[in-house]
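# Understanding the architecture of this molecule
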Amino acid sequence: MTPTLPQTIRGERPLAWPSPSAPVAVIGGSAAGFYTAWLLSRGGRKVRVYERAERLEPAPRTLIVTCRMREMLGAAGEPAVVNEIRRFELWSGDRSMQIFLDRPDLIIERSALIRSLAERACAAGTELALGRRFVGFTANTRVPAIELERREDSARETVPAATVVGADGVLSEVRRAAGWPKPDTVPLLQAVVRLPADYPRDTVRVWFAPDDTPYFYWLIPEEGDRGALGLIGEDGQKTRRCLERFLETRRLDPIEYQGARIPVYTGWVPVHRKVGATDVYLAGDAASQVKVTTVGGIVTGLRGAHAIAQAILRADGAGELRSLRRELNFHLLVRRSLHPFRQQQYSHLLDLLNPAAHESLARFHRDDAVRMVLRLCQNQPRLLWVGLRGFLATRGFPAGSEEI
Ligand SMILES: Cc1cc2nc3c(=O)[nH]c(=O)nc-3n(C[C@H](O)[C@H](O)[C@H](O)COP(=O)(O)OP(=O)(O)OC[C@H]3O[C@@H](n4cnc5c(N)ncnc54)[C@H](O)[C@@H]3O)c2cc1C
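First things first, this report covers the structure right here in the doc. (Residues numbered from 1 in each chain as written. Predicted model: local features only at pLDDT ≥ 70, side-chain atom pairs only at ≥ 80, totals over all residues.)

## What about the sheet that holds strand 1 (residues 24–27)?
Put simply, the rule reads: By definition, two strands form a pair when at least two bridges between them are found by DSSP. Put simply, DSSP marks the helices as runs of H or I at least four residues long and the strands as runs of E at least two long, and each gets a number from the N terminus on. In this description, a line fitted to the C-alpha atoms serves as the axis of each element, helices being fitted only across the stretch in contact, and the angle between N-to-C directions of two axes falls anywhere from 0 to 180 degrees.
The mixed open sheet is built from 6 strands, whose spatial order is 6-2-1-10-17-16. Across the chains shown, the open sheet's two edge strands, defined by having one partner strand only, are strand 6 (127–130) and strand 16 (272–275). Within the sheet, the average angular offset between the axes of one strand and its neighbour, ignoring direction, is 25°. In this sheet, strand 2 (residues 47–51) lies alongside strand 1 in parallel orientation, the contact comprising 4 bridges.

## Considering the sheet that holds strand 8 (residues 145–150)
Reading across from one edge, 7-8-9 is the order of the 3 strands in this open sheet, with antiparallel pairing throughout. Strands with a single pairing partner mark the edges of an open sheet, and in this sheet they are strand 7 (132–137) and strand 9 (156–160). Here the average twist between neighbouring strands, direction ignored, is 35°. In terms of strand pairing, strand 7 meets strand 8 through 5 bridges, oriented antiparallel. Each residue of the ladder has a partner; that of Phe134, found in strand 8, is Leu148.

## Considerations on the packing of helix 1 (residues 31–42) against helix 6 (residues 298–314)
Just so we agree on the cut-off: Handedness of a crossing follows from how the near helix is turned relative to the far one, being left-handed for an anticlockwise turn of less than a right angle and right-handed for a clockwise one. We call two residues in contact if the C-beta atoms placed from their backbones are at most 7 Å apart. For this classification, the nonpolar set comprises Ala, Val, Leu, Ile, Met, Phe, Trp, Tyr, Cys and Pro, the charged set comprises Asp, Glu, Lys and Arg, and every other residue, Gly included, is treated as polar.
The geometry of helix 1 relative to helix 6 is characterised by a closest axis approach of 9 Å and an angle of 35° between their N-to-C directions. Seen along the crossing, helix 1 lies across helix 6 with a hand that is right-handed. Here Ala31, Ala32, Tyr35, Thr36, Leu39 and Leu40 of helix 1 come into contact with helix 6, specifically with Ile298, Gly301, Leu302, Gly304, Ala305, His306, Ile308, Ala309, Ile312 and Leu313. Here the residues of the contact of helix 1 with helix 6 are counted per class, giving 12 nonpolar, 4 polar and no charged.

## Digging into the pairing of strand 17 (residues 278–282)
Where we set the bar: Partly exposed residues are those falling between the two cut-offs: more than 12 but fewer than 20 other C-beta atoms within 10 Å of their own, whereas 20 or more means buried and 12 or fewer means exposed, with C-beta atoms placed from the backbone.
Across the 5 residues of strand 17, 4 count as buried, placing the element largely inside the fold. What sits between strand 16 and strand 17 in their antiparallel hairpin is a turn of 2 residues, with Gly276 showing a positive phi close to 60°.

## What to know about the site of the ligand
Test applied: We call a residue near a molecule or strand when the C-beta position, derived from backbone atoms, sits within 6 Å of it. Here the limits of each domain have been adopted from an automatic or database domain assignment.
For the ligand, the set of nearby residues contains 36 residues, the closest of which are Gly28, Ser30, Gly169, Gly284 and Gly297. Contributing elements (two or more residues each) for the shell around the ligand: helix 1, strand 2, strand 3 (62–65), strand 7, strand 11 (184–194), strand 15 (254–264) and helix 6. The residue makeup of the shell around the ligand, split by class, is 16 nonpolar, 12 polar and 8 charged. Looking at which domains feed residues into the shell around the ligand, each of domain 1 (24–58 + 111–183 + 267–331) and domain 2 (84–107 + 184–264) supplies at least three.

## Section: the environment of Phe216
Among the structural elements, Phe216 can be located in the loop between strand 12 (203–208) and strand 13 (217–221). Under the C-beta neighbour-count criterion, Phe216 is labelled buried, with 22 such atoms within 10 Å. Considering only alpha carbons, one finds Phe216 and Val206, 10 residues apart in sequence, at a separation of 6.6 Å.

## Considerations on the environment of Arg226
Mapped onto the elements, Arg226 comes out in strand 14 (residues 226–232). Classification of Arg226 by C-beta neighbours within 10 Å gives partly exposed; the count is 17. Here the alpha-carbon distance between Arg226 and Val192, two residues 34 residues apart in the chain, equals 6.7 Å. In contact with Arg226, other than residues within four places in its own chain, are Val192, Arg194 and Leu195.

## Let's talk about unusual backbone geometry
Residues apart from glycine generally show negative phi values, whereas peptide bonds are mostly found in trans. The phi torsion at Ser154 lies on the positive side, around 60°, for a residue other than glycine. On the secondary structure map, Ser154 appears in the loop between strand 8 and strand 9. Since 8 C-beta atoms lie within 10 Å of it, Ser154 is described here as exposed. Look at Arg251: it is not a glycine, yet its phi comes out positive at around 50°. Within the secondary structure, Arg251 is located in the loop between helix 5 (236–249) and strand 15.

Structure follows, in C-alpha cells:
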C-alpha cells in the first residue's frame, strides 16, 4: 500500500488553531486504530493515522475470535480468516468435554486484518503517516498540538491536533502522556507447530493446568497443517519454560514463537480525558479493552473503537461503552472466580456441565458472556456455587476441596 504522508508543521512556525474540520490524530496503525480511522473517515471527518513503524508490515500472529468480528466488520474481516472452528475440547487432567458451536469461531491472521482495515480506511480518505512516533502533547504552543518523532532522522515535529485517539497498544504513550495510570500486563506466548496428522482441523483444544498457569493452554489449528499452541502466564520466564515442557511432552516442534505482553483488565478505564484543550480518547489494548477470561482483545478493542468513533462523530457512543464495560466487568468477575481453581476443581467443573449447559455454551459466545453465563447458571445452578467459592477464595476465604 502506498501511504499518503500528511503535511506536517514544524515546531517553530505559528500553528493555526485546528478548525472543527482539522484531522483527528489517531496514534497507532493497527486493528483498533485503523478501525477508528475507517469509521471516522466514513463519517466525513478528516483523519490521520500516525504509526511509529516505517512500513505497514505487522508481525504475523494467529488469533481466534468469535463470530462477533464477522458481524462487526462484514467483508473487511474476511481476508484475515484462515479457518473456522466448530468444536472446543476442554481438558482437565484426564477429564474432557466437548462443546459444539452453533456459529463458528474464526481463526484470523492479525497482519491480514490490519492490512484490510488500513486499505478501507485509506480508501475512505484517511491519511497514513508512517515512521511517526507520538512522544507527547505540547504545552508550549498556543494551539492544541502533539509532538511526533520522525523515524528516519529522530527529528521532532509538532502538529496541531484538537482530537487525539490513542490506539497505540499495551505500552500506550498516549495513555501515559495524558496521565492515565499504567496498566497491569501478563505475558502471552504461543508456538506455531505442525499439527499431528489426526488432529481435527475444526477443533480447538484447551487444557486447564493450574500448576503452570491460572489461565490455560490452547491449541488452535490455522490453515493447512499448522497450529498455534500457547499459554498466558504471569511470569515471562516461567511461561516460556512451561510452554517448552508442554510442547516436549506432546512431541510438538516449535516452528516459530509469537508473543507479547497483554494488558490485564482490572477495572474500567474511562476512555476520554481533556489534556489542555485537546480531547484525548483511548481504544483497544491502550484502554485495556481485553477480556480477562481469555485475554482476547480483538473484538472488544473493535467495540471500543466503534464507541469512540460514535462519540467523536455524534457526541454519542455512551450506550456502546456502557455495554462494553458491562461485558468486560463480567469477564473480570468470571476470571476472579476461576483464578484460584486447582486441578480437581476444574475437573469437577467439567463434570457439572450437563447437556443443557452444553446447549448454552454452544449458543452464546464469549463476546456475549453476560447472557452465556446467566443461561449456564440457569441450566446448572450448581455452577453459581462453584463460581462463588472461587470468588470468595480471591477475597481470602479458603477455596475448599472439589466437593461443591
Ligand atoms: C501472541 C498473541 C496472541 C493473541 N491471541 C489473541 C486471540 O486469539 N484473540 C484475541 O482476540 N486477541 C488475541 N491477542 C490480543 C490481540 O492481539 C490484541 O488485543 C490486539 O491486537 C490489540 O490491538 P490494538 O490495535 O489495540 O493494539 P496493537 O495491535 O498493539 O497496535 C498498536 C499499534 O500502535 C503502534 N504504536 C505504539 N506506540 C506508538 C507511538 N508512540 N506512536 C505511534 N504508533 C505507536 C504500534 O506500532 C502498533 O502498530 C493476542 C496477543 C498476542 C501477543
